[in-house]
Amino acid sequence: VILMNPQNGEIYAMASNEEYNLNKPTDLSPFLEEETIASMSEEERLDYLNAIWRNFAISDTFEPGSTFKPFTIAAGLEEGLIHENQTFVCDGGEEVGGWTIRCHKRSGHGTITLTEALSQSCNDALMQIAAKEGRNLFYKYQTFFGFGDKTGIDLPGEAEGLLTSVENLNSSELATSSFGQTFTVSMVQVAAGYSSLVNGGNYYKPHIVKQILNDDGAIIKEVEAEILKKTVSIKTSDFI
């Protein structure tokens, strides 16, 4: 779980299902029997500790799936390839590159608006949008929204994720990428990207630290909000 303020990049909460005592980070007793701990080599102990300490929210990656759909739609809107009142026909899937790629609603959504395509998470409509964008433009926006690169968050071990290269974004890969398959992202990448989609288009550098204090409680450093780029227009952001 990540709780992030989209207006300044401040991360208020970050939680994983692997918990350990921050005051005793090397204590394995809550996880293993004493005999097991005693029999472990230093390398085994360190490997086990690193697995416990690993922060999924920034160090692990996954296919974003339908959570990526707003980014595909935003790119189409920004480039004028689709418009807010556009309609699409979903018949349950598309024939792409020799494959039948299905919508989650196999019977089809019928004729739906762009708003309905997003709210009802229609794969068919998203594939049609990505086809309009083409692989070069689609890949350009993937990287522009920060996927495939580190956000620069002030924590160690950040993963970059893995994008399908533009050369390998053939018609079927482009179609499945439109709804978040065939590439991987981190949670913090999604949080930062989403924030820019809904805050007017400002991509803030995510950060944990707000202030650094001295022993007397006086502020010696204030971490200000840092806008790294402008991703979308206010019009597109308002629609999303």
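Up top you'll find the structure we're talking about.
Residues numbered from 1 in each chain as written. Predicted model: local features only at pLDDT ≥ 70, side-chain atom pairs only at ≥ 80, totals over all residues. Heavy atoms only, no water.

Novice: A description of the packing of helix α4 (residues 69-78) against helix α8 (residues 187-198) should follow, citing residues and the corresponding values.
Specialist: Remark: α4 packs on α8, axes separated minimally by 11 Å, with the N-to-C direction vectors making an angle of 40 degrees. When the axes of α4 and α8 are compared, the pair comes out oblique. The crossing of α4 and α8 is left-handed. Taken together, the residues of α8 that come into contact with α4 (itself represented by P70, F71 and A74) are V190, G193, Y194 and L197. (Axes fitted to C-alpha atoms, helices over the stretch in contact; angles between N-to-C directions. Helix = DSSP H or I, 4+ residues; strand = E, 2+ residues; numbered from the N terminus. Parallel < 35°, antiparallel > 145°, perpendicular 65-115°, else oblique. Left-handed = near helix turned anticlockwise from the far one by under 90°. Contact = heavy atoms within 4.5 Å.)

Novice: Describe the layout of surface pockets, with residues and values.
Specialist: Taken as a whole, the largest pocket encloses approximately 350 Å³ of empty space. In terms of lining, the largest pocket is formed by 16 residues, of which the most central are M14, A15, S16, E18 and Y20. Looking at the lining of the largest pocket, the elements that each hand over two or more residues are β2 (11-14) and α2 (42-53). It is β2 that contributes the most residues to the lining of the largest pocket, four residues altogether. When its residues are assigned to classes, the lining of the largest pocket shows 11 nonpolar, two polar and three charged. (1 Å grid on protein atoms, 1.4 Å probe; cavity = no way out; pocket = protein on both sides within 12 Å on 5 of 7 lines; lining within 4 Å. Points joined across faces, edges and corners; volume = space filled by probe spheres on them. Nonpolar A, V, L, I, M, F, W, Y, C, P; charged D, E, K, R; others polar.)

Novice: Give me the state of the cysteines: which residues, what numbers.
Specialist: One pass over the full model with this rule turns up zero disulfides. Distance from the sulfur of C103, which forms no disulfide, to the nearest cysteine sulfur (C90) is 4.0 Å. No disulfide involves C122; its nearest neighbouring cysteine sulfur is the one of C90, lying 3.6 Å away. (Disulfide = S-S within 2.5 Å.)

Novice: How would you explain the packing of aromatic side chains if you had to name every residue and give the values?
Specialist: With the rule as written, the count across this model stands at 11 aromatic pairs. Note on F56 and F62: the rings are 6.1 Å apart at their centroids and 15 degrees apart in plane angle, and the pair reads as stacked. Under the relative-accessibility criterion, F56 is labelled partly exposed at 36%. On the accessibility criterion, F62 (25% relative accessible area) is partly exposed. Within the aromatic cluster, the residues linked to one another by ring pairs are F68, F71, F138, Y141, F144, F145, F147, F183 and Y194. Note that K229 overlies the ring of Y203, its terminal NZ or CZ placed 5.2 Å from the centroid. (Phe/Tyr/Trp six-rings, centres within 6.5 Å; stacked < 30°, edge-to-face > 60°. Buried < 20%, exposed > 50% of the residue type's maximum accessible area, 1.4 Å probe, protein only. Lys NZ or Arg CZ within 6 Å of the ring centre and 35° of its normal.)

Novice: So what about α4? Which residues, and what values?
Specialist: Counting buried positions along α4 yields nine of 10 residues, so the element is predominantly enclosed. For α4, every residue scored as buried is listed here: K69, P70, F71, T72, I73, A74, A75, G76 and L77. Buried residues along α4 sit in contact with α5 (114-119), α6 (123-144), α8 and α9 (234-239). One or two steps after α4, the chain reaches G80, where phi turns positive at roughly 70 degrees.

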